Amino acid sequence: MMTKVNTLGLFSGGGGLDLGFSAAGFHLVLSSDIDTYSCKTLEQNQVKKPYLNRHPVLCQDIRSFSRAVLKEQIGHCSIDVIIGGPPCQAFSVFGRRKGLADPRGNLIFEYARIIGEIKPEAFVFENVTGLKSIHNGSLYHDLLKTLSLDGEYTISDHEYELAEFGIPQFRRRLFFIGTRSGKQIPKMRATHSDIHKTLLDNYMPFCTVDSALFGLPDPTTDWKKMPPLNSHVGRKHSKRIIQRYQSLAYGERDPKTRINKLNPGRPSFTIIVGSDAGGGKGHVHPYSPREVTPRESARLQTFPDWWNFHGTGRHVIRQVGNAVPPLFAGILASYVGQKVFGLQREPSRDALIDILGLDFLKHGNQGSIQPQNTF
C-alpha cells in the first residue's frame, strides 16, 4: 500500500495527469483549472472510483491562486508534490510559437511562483518539446533557473516519446521533475518500440490504433442525442469529403483538412487541440471515411470509457488534446513515487491498465476494429 503522498493538481484540464497519478496511488487534495468545462469533468468523475479521492476542484485563473487560497480550500493539509502542465500552445511546433509574447506563455512562471509559495517536496511539470527551442533556447534556460528557485530544487528534465511506453499514439513531450532533496532523477527506460528493435533488444511492440479503438460501436453524428458512449459523436461529412477520405492510403494527409489517415497497425499521430477559434479535428479513421470522434481520440490518449467529458464538440476535444495520457501519467507517477519518495511498490503498466479500466488495450494487436455495432 502506498504511503499517502498529498498531491496538488494545477492546470488539470480534462484530468490526464490527475487521473494517472491517482491510479498510481497518489492522494489528490485539490485540482485547479480556469476552464469551466474541464472543472465539471473533474468534478463529475471523481466520485466514480475510490482511488480518485473526493477533493475540491477550484475553477479560477492561476494568477489568482496562492498559498492563502489553498489553505481556504484544504486547511492546513501539507502538499508533497505539485503536478501540472501549463498551456503549451505558445510553444508548440503546431502553433505560431509566440512564446512569452503569448499571455499563455507567461503562465509557466505562475507555476514556478506557486512552487515557491508552497514549497512541496517535489513537482512535475509537463510541456511540449518546442519549449526547448523557442527564443533560441533562452526561455528554456530561464525556466530551468526559475524552477530551481535559486538552487532550492534540483531539476531533472527528460524528453519522452510516449509511444515508447505503450501509449497508442506518437506524442513527444518534455517533463521536468524538481526535488528539494537534491536527488537527480534518471530518465525512464523505454519499454516499447517497432518490430525491428523489439526483436533486437527485447522491447514490447508498439501499442496500435487497432488495439486502442477495439470494440467501439459506430458513432452518432448528433450531439443533442445522448450517445451510448460519452462523446462518441462524429462530424457530418459531405460526399466530397467522404470520397477524399476513402481514397487516402494509411498515413496519407488529406490536402484540404490537413489531417492524416490512421494506420491501424501503428500508433496514432499526435492528437492536437486546434486554436482558440476552434479546430482540433481528429485524424481520419483507418476503416471508415470519417474523422475519429472525441471518444476515439480519448481512447488514443488512454482515457478509460468511464471517464466522461463535460461539454460537446470543441470543448471535449480541447480537454482530450491538451491532456497527458493517463496511462503514461500513471507510469511516470509510479516512477516518481519510487525515485523521489522511496516507495518500494509501484504499479506496473499492466496493473495500471487494470486500475484505469483500459480493457481495450489488453487486445494488443489482435482483432479488428472494422465496423462493430456492439460493445
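Asker: Could you clarify how one ought to interpret the pattern of salt bridges in this entry?
Answerer: It is possible for side chains bearing opposite charge to pair when their charged atoms get close. With the rule as written, the count across this model stands at 14 salt bridges. A salt bridge links arginine 63 to aspartate 61; the shortest N-O distance between them is 2.9 Å. When the shortest N-O distance is used, the salt bridge between lysine 119 and glutamate 152 registers 3.1 Å. Linking lysine 119 in the loop between helix 4 (107–118) and strand 5 (122–128) with glutamate 152 in the loop between helix 5 (138–148) and strand 6 (154–161), this pair joins segments that are 33 residues apart in sequence. Several salt bridges share partner residues, and in doing so they unite Glu110, Arg113 and Glu117 into one network.

Asker: Which parts of the structure should I look at to understand the packing of helix 1 (residues 16–23) against helix 11 (residues 326–339)?
Answerer: Two quantities define a packed helix pair, namely the angle between the axes and the distance from one axis to the other. Packing of helix 1 against helix 11 brings their axes to within 7 Å, and their N-to-C directions diverge by 50°. Judged on the interaxial angle alone, helix 11 and helix 1 are oblique. Relative to helix 11, helix 1 is oriented so that their crossing is right-handed. Taking contact as the criterion, the partners of Gly16, Leu17, Leu19, Gly20 and Phe21 in helix 1 are, on helix 11, Pro326, Ala329, Gly330 and Ala333. Split by residue class, the contact of helix 1 with helix 11 holds six nonpolar, three polar and no charged.

Asker: Is there a simple way to think about helix 4 in this case?
Answerer: Since the α-helix packs 3.6 residues into each turn, any two residues three or four apart lie on the same face. With 12 residues, helix 4 ought to run about 16 Å at 1.5 Å a step, and its terminal C-alpha atoms sit 17 Å apart, in line with that. Along helix 4, the residues that are buried comprise Leu107, Ile108, Glu110, Tyr111, Ala112, Ile114, Ile115 and Ile118. For helix 4, the elements touching its buried residues are strand 1 (6–10), helix 3 (67–74), strand 4 (81–84), strand 5 and helix 5. Phi for lysine 119, located one or two positions after helix 4, is positive at around 55°.

Asker: Sorry, what's going on with the nonpolar core here?
Answerer: Generally speaking, a soluble globular protein has its nonpolar side chains buried in company with each other. Leu327 and Phe328 are the most contacted members of the largest nonpolar core, which has 60 residues in total. For this core, the element with the highest residue contribution is helix 11, accounting for eight residues. In this view, phenylalanine 328 contacts Tyr160, Leu162, Phe165, Ile167, Phe175 and Met188; residues no more than four positions away in its chain are not counted. One finds Leu8, Leu30, Leu70 and Phe125 within the second-largest nonpolar core, a separate group that totals 33 residues.

Asker: So what exactly am I meant to see when it comes to the side chain of aspartate 33 here?
Answerer: You can see aspartate 33 is positioned in strand 2 (residues 27–33). Buried charge without a salt bridge: aspartate 33, with arginine 318 as the nearest opposite-charge side chain at an N-O distance of 9.3 Å. Within the local environment of aspartate 33, its side chain forms a polar contact with the backbone nitrogen of serine 12, the two atoms lying 3.3 Å apart.

Asker: What is the right way to look at unusual backbone geometry in this model?
Answerer: Across the chain, the bulk of peptide bonds are trans and the bulk of non-glycine residues have phi less than zero. Phi is positive for aspartate 150, which is not a glycine, with a value near 55°. Tracing the sequence through the fold places aspartate 150 in the loop between helix 5 and strand 6. Exposure remark for aspartate 150: the relative accessible area of 75% places this residue in the exposed category. A positive phi angle, close to 65°, is found at serine 231, a residue other than glycine. If you trace the backbone, serine 231 turns up in the loop between helix 7 (209–212) and helix 8 (239–247).

Asker: Any chance you could explain the packing of aromatic side chains here in plain terms?
Answerer: What characterises a pair of aromatic rings is the spacing of the ring centres plus the angle enclosed by the ring planes. This structure, assessed with the given rule, holds 17 aromatic pairs. Taking 5.3 Å as the distance between ring centres and 45° as the angle between the ring planes, the aromatic pair formed by phenylalanine 175 and phenylalanine 328 counts as tilted. With phenylalanine 175 in strand 7 (residues 172–179) and phenylalanine 328 in helix 11, the pair connects residues that are 153 residues apart, well separated along the chain. For the pair phenylalanine 175 and phenylalanine 328, one class covers both residues: buried. Three or more aromatic residues joined by ring pairs make a cluster, and in this case those are Phe11, Tyr111, Phe123, Phe125, Tyr140, Tyr153 and Phe176.

Asker: Before we go on, may I ask you to explain the environment of proline 286 in this structure?
Answerer: As for its position among the elements, proline 286 is in the loop between helix 8 and helix 9 (294–300). Sequence separation between proline 286 and alanine 249 is 37 residues, and the spatial gap between their C-alpha atoms is 9.0 Å.

Asker: What's the story with the confidence of the model for the protein in this structure? I'm lost.
Answerer: Caution applies to low-pLDDT regions: their predicted coordinates should not be interpreted in detail. Looking at the protein as a whole, its pLDDT mean stands at 88, while 89% of the residues score no less than 70. Segment residues 90–105: pLDDT under 50, and 35 contacts once partners within four positions in sequence are set aside and those in other chains are kept. Note on residues 371–375: pLDDT is under 50 here. Beyond four places in sequence and across chains, it has 13 contacts.

Asker: Hey, could you run me through the pairing of strand 1 in this one?
Answerer: Two faces, one strand: in a regular strand the side chains alternate between the faces of the sheet. Counting buried residues along strand 1, five of its five residues qualify, which places the element largely inside the surrounding structure. Covered by surrounding structure in strand 1 are Asn6, Leu8 and Leu10 together with Thr7 and Gly9, the residues of both alternating faces. With four bridges connecting them, strand 1 and strand 2 associate as parallel partners. When the bridges of strand 2 are listed, leucine 8 appears paired with leucine 30. Note on the crossover from strand 1 through helix 1 to strand 2: the handedness is right-handed. Of the pairings in the sheet, the one linking strand 1 to strand 4 comprises four bridges and is parallel in character. Paired with leucine 8 across the bridge in strand 4 is isoleucine 82.

Each value, and the rule that gives it
Within any chain, residue numbers begin from 1 and follow the written order of that chain's sequence. A pLDDT threshold of at least 70 governs which residues receive local features in this predicted model, and a stricter bar of 80 or more applies before side-chain atom pairs are shown or counted, although totals over entire chains, interfaces and linings include all residues. The side-chain figures draw on all heavy atoms in the structure; neither hydrogens nor water molecules are used. For this analysis, a salt bridge means a side-chain nitrogen from Lys or Arg found within 4 Å of a carboxyl oxygen belonging to Asp or Glu. Put simply, DSSP H or I for four residues or longer makes a helix, DSSP E for two residues or longer makes a strand, and each gets a number counted from the N terminus. Think of each axis as a best-fit line through the C-alpha atoms, taken over the contacting stretch in the case of a helix, with angles from 0 to 180 degrees between the N-to-C directions. Just so you know how the angles are binned, under 35 degrees is roughly parallel, over 145 roughly antiparallel, 65 to 115 roughly perpendicular, and the rest oblique. Crossings are assigned a handedness: left-handed for a near helix turned anticlockwise from the far helix by less than a right angle, right-handed for a clockwise turn. Note on definitions: a residue-residue contact is assigned when non-hydrogen atoms from the two residues lie within 4.5 Å. Three classes are used: nonpolar for Ala, Val, Leu, Ile, Met, Phe, Trp, Tyr, Cys and Pro, charged for Asp, Glu, Lys and Arg, and polar for all others, with Gly counted as polar. For a helix, the expected span equals 1.5 Å multiplied by the residue count minus one. The buried label applies to any residue whose accessible area, calculated with a 1.4 Å probe on protein chains only, is under 20% of its type's maximum; exposed applies above 50%, and partly exposed to all values in between. As used in this record, nonpolar core signifies buried Ala, Val, Leu, Ile, Met, Phe, Trp, Tyr and Cys residues forming a set joined through side-chain atoms within 4.5 Å. As used throughout, the charge tally considers Lys and Arg to be positive and Asp and Glu to be negative, leaving His and the chain termini uncounted. Under the rule applied, a polar contact is a pair of N or O atoms within 3.5 Å (in protein, one hydrogen donor and one hydrogen acceptor; residues adjacent in sequence only if both atoms are side-chain atoms). Aromatic rings from Phe, Tyr and Trp, taking only the six-membered ring of Trp, are treated as a pair when their centres fall within 6.5 Å; an angle between ring planes under 30 degrees marks them as stacked, one over 60 as edge-to-face, and anything in between as tilted. Confidence per residue, as judged by the predictor, is encoded in pLDDT with a range of 0 to 100. Two strands qualify as a pair provided that DSSP identifies no fewer than 2 bridges between them. With the strands aimed away from the viewer, a crossover counts as right-handed if its path from the first strand over the helix to the second runs clockwise.

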